[in-house]
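# An overview of the molecular structure
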Amino acid sequence: MPRPDPARSVAAAYDALAPRYARARRFRERGRLDAFLEGLPRGAAVLDAGCGSGVPVARHLVRRGLAVTGVDLSAGQLALAAERLPGLRTIRGDLRRVALPAAGFQAIVAWDVAFHVPRAGHAALFRRLARWLAPGGRLVLTLGGSAFEGWLPMGGRRLFFSGHAPRHALRLLRGAGLEVVSCDEDDASGRGHLVVLAVRPVARGVGPRPVGRRPGLRG
Ligand SMILES: C[S@@+](CC[C@H](N)C(=O)[O-])C[C@H]1O[C@@H](n2cnc3c(N)ncnc32)[C@H](O)[C@@H]1O
């Protein structure tokens, strides 16, 4: 029997948690994000996939002069985003279904969102992200970093999390036509949390070559 889709519950949880989440959110990934954005021209189209309340990530992108579109499931999160970043283009929608232009973005940031999507849908989600990227475009994506699926407590509620083992997740990203540039674990507690950098090649065999070390992975 198919399992019920957790999206409605995830959206309701973030509707309720939005102000609290916003207060607690720290900008630990600023350095990574700056490195990711290096060389992107002002005005470049960037998708903040699962933008939440827009702070700190979308705000940082907007301040760099990028043309940012934020997509999120939660009306509560998007209401906060509209209040804090009146110029931000926002779309309420599920990344698994929302219609966005093919090759419409030079960069996509998907920070802490894929782990709320059931892993059975990760391959399809990665294909969508790849399709939205312009050839040569770049993606930064975080993942839970372990083969886990279930409900965990957060802020007095239970939230759905899902992920594959890193090797499998990277296989799915490559299968979506993306070139994985790096994959790092950024959680000192050792519980996982992977930051993956990938690009959509310009054309087969012609695209940007992977830079830096090959990702070292746990199985
Ligand atoms: C942990 S928060 C991260 C928010 C923001 N990216 C950040 O780094 O602060 C996860 C966000 O993803 C959104 N979300 C979860 N599943 C989604 C989906 N399938 N489509 C769009 N947004 C989703 C939630 O509503 C929530 O705002």
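These figures come from a predicted structure and were not determined experimentally.

### Observations regarding helix H5 (residues 122-132)
Regarding H5, the residues found buried are His 122, Leu 125, Phe 126, Leu 129, Ala 130 and Trp 132. Taken around the axis of H5, the buried residues stretch over an arc of 165°, which confines them to a single face. Buried residues along H5 sit in contact with strand E1 (45-49), strand E4 (105-110), strand E5 (133-143) and helix H6 (166-175).

### Thoughts on the site of the ligand
Close to the ligand lie 22 residues; Gly 50, Gly 52, Leu 73, Ser 74 and His 116 are nearest. Elements with a minimum of two residues in the shell around the ligand: helix H1 (7-24) and strand E2 (67-72). If one sorts the elements of the shell around the ligand by residue count, H1 sits on top with four residues. Of the residues in the shell around the ligand, the class split is 12 nonpolar, five polar and five charged.

### Focus: the environment of Val 55
Looking at the element boundaries, Val 55 is found in the loop between E1 and helix H3 (57-63). Taking the C-alpha atoms as reference points, Val 55 and Arg 26, 29 residues apart in sequence, are found 9.2 Å from one another.

### Side note on unusual backbone geometry
Residue Val 55 is joined to Pro 56 through a cis peptide bond whose omega torsion reads 10°. One can find Pro 56 in the loop between E1 and H3. The residue Ala 103 is not glycine, and still its phi comes out positive at about 60°. Residue Asp 112 is not a glycine yet carries a positive backbone phi of 60°. Examined against the element boundaries, Asp 112 turns out to sit in the loop between E4 and H5.

### A short note on the packing of H5 against H6
At a minimum axis distance of 8 Å, the contact between H5 and H6 shows a crossing angle of 45°. It follows that H5 is oblique to H6 by the angle criterion. As H5 packs across H6, the resulting crossing turns out to be right-handed. In this structure, H5 uses His 122, Ala 123 and Phe 126 to contact H6, whose residues at the interface are Ala 169, Leu 172, Leu 173 and Gly 175.

The rules behind the values
Along every chain, residues carry numbers that run from 1 in the direction the sequence is written. Totals for whole chains, interfaces and linings use every residue, but because this is a predicted model, local features are given only for residues with pLDDT of at least 70 and side-chain atom pairs only at 80 or more, for both listing and counting. Here the C-beta atoms are placed from the backbone, and a residue counts as buried if at least 20 other C-beta atoms lie within 10 Å of its own, exposed if 12 or fewer do, and partly exposed otherwise. Numbering goes from the N terminus for both helices and strands, where a helix is a DSSP run of H or I of at least four residues and a strand is a run of E of at least two. For this quantity, the arc is that covered by the directions from the helix axis to the C-beta atoms. Working definition of a contact: two residues with C-beta atoms, positioned from the backbone, lying within 7 Å. What makes a residue near a molecule or strand is its C-beta atom, placed from the backbone, lying within 6 Å of it. Residues were grouped as follows: Ala, Val, Leu, Ile, Met, Phe, Trp, Tyr, Cys and Pro as nonpolar; Asp, Glu, Lys and Arg as charged; and all remaining residues, including Gly, as polar. Note on geometry: axes are lines fitted to C-alpha atoms, helical ones only across the stretch in contact, with angles between N-to-C directions running from 0 to 180 degrees. Reported orientations rely on four angle classes, namely roughly parallel under 35 degrees, roughly antiparallel over 145, roughly perpendicular from 65 to 115, and oblique for the rest. Take the far helix as your reference; a near helix turned counterclockwise from it by less than a right angle gives a left-handed crossing, and one turned clockwise gives a right-handed crossing.

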